[in-house]
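Here is what each chain is made of, one letter per residue.
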Amino acid sequence: MSLLDLVADWRFAEGRLNAAKAAWRAGTVKHDDAEFDDARNDFDALDDQTCALDPVRLRELSRAVQGAYITLTRDLAAAQAQLAAQTEALTPSGDTKGAYMGEFQFEMRGVDEEGEETDIRIDTPWDTIKQIMAAIRSRAAATLARDRHE
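Residues numbered from 1 in each chain as written. Predicted model: local features only at pLDDT ≥ 70, side-chain atom pairs only at ≥ 80, totals over all residues. Heavy atoms only, no water.

### Regarding a nonpolar patch on the surface
What counts here: Like charges are joined within 9 Å and nonpolar side chains (Val, Leu, Ile, Met, Phe, Trp, Tyr) within 5 Å, but only among residues with over 30% relative accessible area and no salt bridge; these make up the patches. Areas reported as accessible are Shrake-Rupley estimates using a 1.4 Å probe. Residue values count occlusion only from the protein chains shown. Criterion for a salt bridge: a side-chain nitrogen of Lys or Arg within 4 Å of a carboxyl oxygen of Asp or Glu. A run of DSSP states H or I qualifies as a helix once it reaches four residues; a run of E qualifies as a strand once it reaches two. Both are numbered from the N-terminal end.
On the surface, Phe106, Met108, Ile120 and Ile122 cluster together into a nonpolar patch covering about 300 Å² of accessible area. Those elements that provide at least two residues to the nonpolar patch are strand S1 (105–111) and strand S2 (117–123).

### Quick word on the side chain of Thr124
The criterion, for reference: A contact between two residues is defined here by any heavy atoms of the two lying within 4.5 Å.
Structurally, Thr124 is set in the loop between S2 and helix H5 (126–149). For Thr124, the contacting residues outside a window of four places in its chain are Phe104, Gln105, Phe106 and Ile129.

### Some thoughts on the pairing of S1
Put simply, the rule reads: Each pair of strands is called paired provided DSSP finds at least two bridges between the two strands.
With seven bridges joining them, S1 and S2 adopt antiparallel strand pairing. By the bridge assignment, Arg109 is partnered in S2 with Asp119. Between S1 and S2, which pair antiparallel one after the other, the connecting turn spans five residues, and Gly115 there sits at a positive phi close to 85°.

### Considering the nonpolar core
Just so we agree on the cut-off: To define a nonpolar core, start from buried Ala, Val, Leu, Ile, Met, Phe, Trp, Tyr and Cys residues and group those joined through side-chain atoms within 4.5 Å. Working definition: with a 1.4 Å probe on protein chains only, accessible area under 20% of the residue-type maximum means buried, over 50% means exposed, and in between means partly exposed.
Among the nonpolar cores identified, the biggest contains seven residues, and these are Leu6, Ala13, Leu17, Ala20, Ala39, Phe43 and Leu46. If you tally residues by element for this core, the top one is helix H1 (residues 3–26), at four residues.

Shown next, in the form of structure tokens:
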């Protein structure tokens, strides 16, 4: 049994025991109720398992959990930094206006000063860029909401 499995089992047994205690306090079960006894017995068995663990193996498992925690913490910090950068890039501000104005153009057929037909490059207006940013944020929020419900 891994340390993570043991912790998960502890949490589950603790939840069952707490629910049984709450039911007992509320008067919906008696102290000698089988559910209460089963939860307490599971909790006691886990306590016995924990006490029986070899200290060397327990230290090894603890180091493995600490290593996993450090890795997860580092990955979480990187993901939070990436999210902050993406959020900033998609939020209209003076910085994003300065970064995006003049970066996007489209072509239209037009007439030059001499009356000749020509292609004219037009910068995308800042209002249009803000609408695009809002559409991207909206789609991201909808995707996130959908993924949470699946």
